[in-house]
Amino acid sequence: MVTSAAAGIFGTAFLQAVGIWHNPPTWAPFVLLAVALVLAIMPVKRGGHVLLSVEGTTVALILVVTAVVLVRLLAGNAPGGHTFTLSVFTVAPGTSSSDLFLGVVFGFLSFAGFEAAATLGEEANRPTRDIPRAILFTAIFGGLYFVIVTAVEVMGFGTDAAGVKAFTASPSLLGDLGSTYVGSWVGDVITLGTTISAFGCCLACVVGAARLLYALSRDTAGPRGLGRSNSRWGTPAWATLVVVVAAGIIVGIQAGVAAQPAAFNSFLWSGTIGTLILLVVYVLATVGCIMLVFVRHKLPVPTWQIVVPIAGLIVLGYTLYRNVIPYPTGDGAWFPLVSGAWLVAAVIAVIFAPRTARRLGAALAAREGIAAPGAEEVTAPRLASARDEAP
């Protein structure tokens, strides 16, 4: 939902910038979701090639523009008299900790998905080697990339009140900077590339969500229904369809209750609600890591490294706390409420279906090679890999 809205926002901004679509309707940003469905059902090898090509080209373009902006800032000939400053790494005076950590939510949203490669473990040829590497290098590169590019973006617009206002109003940050610092055609190319990149992110989300739904269904009810793969491509087509339809329904509900239906509202609402849920998931995953590694000693990790997950719990916990206390007003009042409702539904499902929950836990543990003694061995079909023939 979030990434499809982002792709639509950038896409309509590009069409408006080049004069193709002067007044796009409010539903325009959501049309790419249907395209994501078609590509997600196809074999991952093809979708992977599309993602790699699009993301690589877009990242290269963004880095080029970022470098040009940075050089002009350092040289002192940037438009508007903007200069290089490290003040972008300081908190503006008068900013409360609550406001700061409301913004931190979108930092987590931007970084969310770094672990998405794990959902393709069954389709990878060498999952125990390639998936950990993919996650590690995504975390390292993504962290540096976000910090550097965002800092240069803020400096490029200017750190004064007018610059911050222009920054928040821009529909395409790098596109506007490219037009201002290099040329209008560069800005259009960057906006188009960002659109395709956001679409690639949407595709990755659809692929990951569908495979999670497929695995949960397969390990619960066996290889039928949502736990059945496509006979031609070996991909979870029915699970993919359910994911996309569900996202579309929720987007429709949001548009119906919003005072001014717009893709940005869908992005903001879904992003905040989803990230609050994700923060709880990260808390549970971190607690599980502590139990697995430092309590049950399933992996050979030095004890002193427990400070890492504990530090993570502190940041995650305080971020959650500041997004609930003081309780938000206006549209924001719905965000913790809806997030809490989804989490309560999950807890109720586990309480009233403990046997299913245990089966899912045993299946996951068995595939990871950490099943408890006497646990039932799981032998369920795998999704077709990029090398294997489809069943």
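Residues numbered from 1 in each chain as written. Predicted model: local features only at pLDDT ≥ 70, side-chain atom pairs only at ≥ 80, totals over all residues. Heavy atoms only, no water.

Note that Ser 172 resides in the loop between helix H6 (161-169) and helix H7 (173-181). Non-local contacts of Ser 172, meaning those with residues more than four positions away in its chain, are made with Phe 10 and Thr 191. (Helix = DSSP H or I, 4+ residues; strand = E, 2+ residues; numbered from the N terminus. Contact = heavy atoms within 4.5 Å.)

On inspection of all chains with the given rule, the structure shows 5 aromatic pairs. Measuring from ring centre to ring centre gives 6.1 Å for Tyr 145 and Phe 146, while their planes differ by 70 degrees; the resulting arrangement is edge-to-face. Given a relative accessible area of 14%, Tyr 145 falls into the buried group. Ring geometry for Phe 157 against Phe 167: centres 5.7 Å apart, planes inclined by 85 degrees, an arrangement best described as edge-to-face. Remark: Phe 167 occurs in helix H6 and Phe 157 occurs in helix H5 (residues 127-157); sequence separation between them is 10 residues. (Phe/Tyr/Trp six-rings, centres within 6.5 Å; stacked < 30°, edge-to-face > 60°. Buried < 20%, exposed > 50% of the residue type's maximum accessible area, 1.4 Å probe, protein only.)

A few words now on the side chain of Thr 3. With respect to the helices, strands and loops of the structure, Thr 3 is situated in helix H1 (residues 2-17). A residue is classified by how much of its surface remains accessible, and Thr 3, at 13% relative accessible area, is buried. If we ignore the near neighbours within four places in the chain, the residues touching Thr 3 are Ala 198, Cys 201, Cys 202 and Cys 205.

Moving on: the environment of Thr 220. With respect to the helices, strands and loops of the structure, Thr 220 is situated in helix H8 (residues 184-221). Sequence separation between Thr 220 and Thr 356 is 136 residues; the distance between their C-alpha atoms is 6.4 Å. The residues touching Thr 220, leaving out its near neighbours within four places in the chain, are Thr 356, Arg 359 and Leu 360. Here the side chain of Thr 220 touches Leu 216 through a polar contact of 2.6 Å, landing on its backbone oxygen. (Polar contact = N/O pair within 3.5 Å; in protein donor to acceptor, adjacent residues only side chain to side chain.)

Another aspect to go through is the packing of helix H4 (residues 97-111) against helix H10 (residues 263-295). Packing of H4 against H10 brings their axes to within 9 Å, and their N-to-C directions diverge by 85 degrees. Relative to H10, the element H4 lies roughly perpendicular. Within the contact between the two elements, H4 uses Val 105, Phe 106, Phe 108 and Leu 109 and H10 uses Phe 267, Leu 268, Gly 271, Thr 272, Thr 275, Leu 276 and Leu 279. Considering only residue class, the contact of H4 with H10 consists of 8 nonpolar, 3 polar and no charged. (Axes fitted to C-alpha atoms, helices over the stretch in contact; angles between N-to-C directions. Parallel < 35°, antiparallel > 145°, perpendicular 65-115°, else oblique. Nonpolar A, V, L, I, M, F, W, Y, C, P; charged D, E, K, R; others polar.)

Judged by nonpolar contacts, the single largest core of 16 residues is most densely connected at Val 65, Val 69, Leu 73, Leu 174 and Tyr 181. Those elements that provide at least two residues to this core are helix H3 (44-75), H5, H7 and H8. At 6 residues, H5 tops the list of elements feeding residues into this core. Residues contacting Leu 174, with those up to four places away along its chain left out, are Ile 62, Val 65, Thr 66, Val 149, Glu 153 and Ile 190. Core analysis: the second largest hydrophobic core is formed by 10 residues, Val 105, Phe 108, Leu 279 and Phe 335 among them. (Core = buried A, V, L, I, M, F, W, Y, C linked by side-chain atoms within 4.5 Å.)

The subject of this paragraph is the environment of Thr 83. Looking at the element boundaries, Thr 83 is found in the loop between H3 and H4. For the pair Thr 83 and Leu 73, spaced 10 residues apart in the sequence, the C-alpha separation amounts to 4.7 Å. Contact partners of Thr 83, with chain neighbours within four places excluded, come to Leu 73 and Met 155.

None of this, on its own, says anything about what the molecule does.
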